[in-house]
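So the chains spell out like this:
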Amino acid sequence: MTRFEELCQAFYDHSLNDESLAQLKEELQDAGKRKQLVDDMIFDANLVENFQLLAKKKSQVLKSTITAQSFNSTHTYTSARIISWAGVAAVLLIGIFLTAQQGFLKGLLAPAIIAEASYTSGETRLFRNDNELKIHQQSQIRHGDLLVTGTSSYLMFQYEDGSTCMLGPESTLEVRVNKSTQGKWLMLQQGELQANVSPQTQSKMKLSTPEAHLEILGTEFILKSRNSQSQLDLLEGKILLSNTTGLQQMTLEGGWSTTLSNENFSEPRPIDEKLIQNQSFKGTLQDIRPKEGRLTLRSKENKTKTFFIAANKWDQTQAHKSAFLPGDQLDITYKKGTMNIIQTIQKSTRKP
Amino acid sequence: MNEEKIALASSRFLKDRHALMAFIYGLTHDAASSEDILQEVWLKLFHALTEKEMTIDNQAAWCRGTAKNLILHYWRSKRDPKVVIDSELIDLVDQAFTESEPESDLVTQRQHAMQKCLEMLPEQSRQLLHYRYYQGLSFKQMAQKLGKTTSSLMMSTSRLRKSLQNCIASRLQLHQEGAQ
């Protein structure tokens, strides 16, 4: 290895000191060396891109395996693999046990907690490092977790800043933190996500689908991703969209909707009336569970309806706590979205 | 907005994308941040063409200049005292790219050839490159992980790079001969 190559490697590793930096600059006075540096940098970037492609292919295979095996109780692991994983797990467990006694490994091993599950219904699953974990209310959601819902199933989770996301039926979502900005990052592989995002003051929230990237500063939207197309209905706020190549950009305003594909976005069109049309429901409050953010109402015709309250609006709702008791008559107005996040509670009357 | 101008700029940007990415990645060595910076450069280019209605003669150089400022900002925001990055060195790298003006088509061909060559590598060698170029580990970190010395890992990586370069060169030659 030549001295120049060593200096280049130190440069890439950010381990240059003042002396080696000066040497590298001197070496780069030579046009031949500059050419070599460019070739090396292109070579490295190509390597990174190739490994990223490989990883993408691998993760697609993994995700399709997870989706295929969802909810039918089949196992794709061979017994040999299970034994080898059990061996690894046993060694890890012993190591963890021995060092956790001194109390410093716990925090190091787990990725950062990002959010907390606030409501689950039906078949909901959480995959962490290819392992399936149980998910229930107050389960912690960490960087890199994959959330999967089955038919007629919902999973609601909440960030520390009050932003709430509801994953709809037959959906797969990866929850991440953008390493460079520390901002929220969600990757909707398929299905439906409804979110109510609090104003993001530190850094934008990023949302990716296989077809597009969205940058969110604080808004309310419904995003569906199926069959290589994403449909975005923006109820409030403003979102910056870009396609996967990053070359097409568009800003969508509240009350507008667009369809996204790898190549382009459709012209914005007014949101489907069904989504913004206010619906009302009158009934008797049966049940109130603040932690779950859920209200169950029974109408005069004895029909019941459950409403999910966006958790960041729950405090607001609790301010009216005295007016909210089972048996009360409620008159609720809500947007007719698929998941019925309550917008306003117009009237509440206590029975005498 | 001149749509023809935007379309031309887009296609130019797409062509130069690999070289620009190499410039950014080379100076940050962080794949995720490099992607972010690349997107930011495009946004700034789009803004300059549409809202400021600028005329840009050498788009590749303009993009590198913009990327240069974003990279300096990236390092400043990191506040890592261990990292020595100075604008003089970035200028020298920029000069190197200006002089070479890597041919976009060739960069793409090399990319495809590399894909095939990587598949032919033994698993252990591929894993080594994976640590270095996908996980972005430094040689020091790799040495700790693999229980080897930094210098032996530098040597192995250097050999691997050379054999990959040879493989790519012979594939490109075969491709050219096939085309003729």
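Residues numbered from 1 in each chain as written. Chains lettered and ligands numbered in written order. Predicted model: local features only at pLDDT ≥ 70, side-chain atom pairs only at ≥ 80, totals over all residues. Heavy atoms only, no water.

Quick look at the overall build of chain B now. Counting secondary structure elements, chain B contains 8 helices and 0 strands. Starting at the N terminus and walking to the C terminus, you meet the elements of chain B as α-α-α-α-α-α-α-α. Within the span of chain B, comprising 180 residues, buried residues form 44% of the whole. On chain B, roughly 9900 Å² of surface is accessible, and the fraction owed to carbon and sulfur atoms is 50%. (Helix = DSSP H or I, 4+ residues; strand = E, 2+ residues; numbered from the N terminus. Buried < 20%, exposed > 50% of the residue type's maximum accessible area, 1.4 Å probe, protein only. Areas by Shrake-Rupley, 256 points an atom, 1.4 Å probe, with all protein chains shown as cover.)

So, about helix 3 (residues 59–78) of chain B. Look at helix 3 of chain B: 28 Å from first C-alpha to last across 20 residues, which is about the 28 Å you get at 1.5 Å a residue. All of the buried residues along helix 3 of chain B are Gln59, Ala60, Cys63, Arg64, Thr66, Ala67, Lys68, Leu70, Ile71, Leu72, Tyr74 and Trp75 of chain B. (Expected span 1.5 Å × (residues − 1).)

In many reports, interface size means the accessible area that the parts give up when they come together. Each partner contributes residues to the interface: chain B has 57 residues there, and chain A has 44 residues. In this assembly, chain B packs against chain A so that about 4900 Å² is buried in total across both faces, 64% of it on carbon and sulfur atoms. For the pair chain B and chain A, the interface holds 7 salt bridges. For the salt bridge of Lys25 of chain A with Glu88 of chain B, the shortest nitrogen-to-oxygen distance reads 3.3 Å. In this structure, the connection of chain B to chain A is made through 11 residue pairs in polar contact (both at pLDDT 80 or more). (Contact = heavy atoms within 4.5 Å. Buried area = accessible area lost by both parts, 1.4 Å probe. Salt bridge = Lys/Arg side-chain N within 4 Å of Asp/Glu carboxyl O. Polar contact = N/O pair within 3.5 Å; in protein donor to acceptor, adjacent residues only side chain to side chain.)

Here we take up the pattern of salt bridges. Any two side chains of opposite charge can pair, so long as their charged atoms come close to each other. Applying the stated criterion across every chain, the model contains 20 salt bridges over all chains. Between Arg128 of chain A and Asp145 of chain A there is a salt bridge; the shortest N-O distance is 2.7 Å. With Arg128 of chain A in strand 2 (residues 124–128) and Asp145 of chain A in strand 5 (residues 145–149), this pair connects stretches of sequence that are 17 residues apart. Exposure remark for Asp145 of chain A: the relative accessible area of 0% places this residue in the buried category. Residue Asp91 of chain B is joined to Lys68 of chain B by a salt bridge in which the shortest nitrogen-to-oxygen separation is 2.9 Å. With Asp91 of chain B in helix 4 (residues 87–100) and Lys68 of chain B in helix 3, this pair connects stretches of sequence that are 23 residues apart. Because the salt bridges share partners, they merge into one network encompassing Arg64, Lys68, Asp91 and Asp94 of chain B.

This part is about the pairing of strand 6 (residues 154–159) of chain A. Residue and element names in this part refer to chain A. Among the 6 residues in strand 6, 5 count as buried, and that is most of the element. In the sheet, strand 1 (residues 113–121) pairs with strand 6 via 6 bridges, with the strands oriented antiparallel. Looking at strand 6, one finds that Ser121 is bridged to Tyr154. Summarising the sheet, strand 6 and strand 7 (residues 164–167) pair through 4 bridges and their orientation is antiparallel. Note on strand 7: the bridge partner recorded for Gln158 is Thr164. Hairpin connection, strand 6 to strand 7: the antiparallel pair is bridged by 4 residues, and Gly162 has positive phi, about 95°. (Pairing = 2+ DSSP bridges.)

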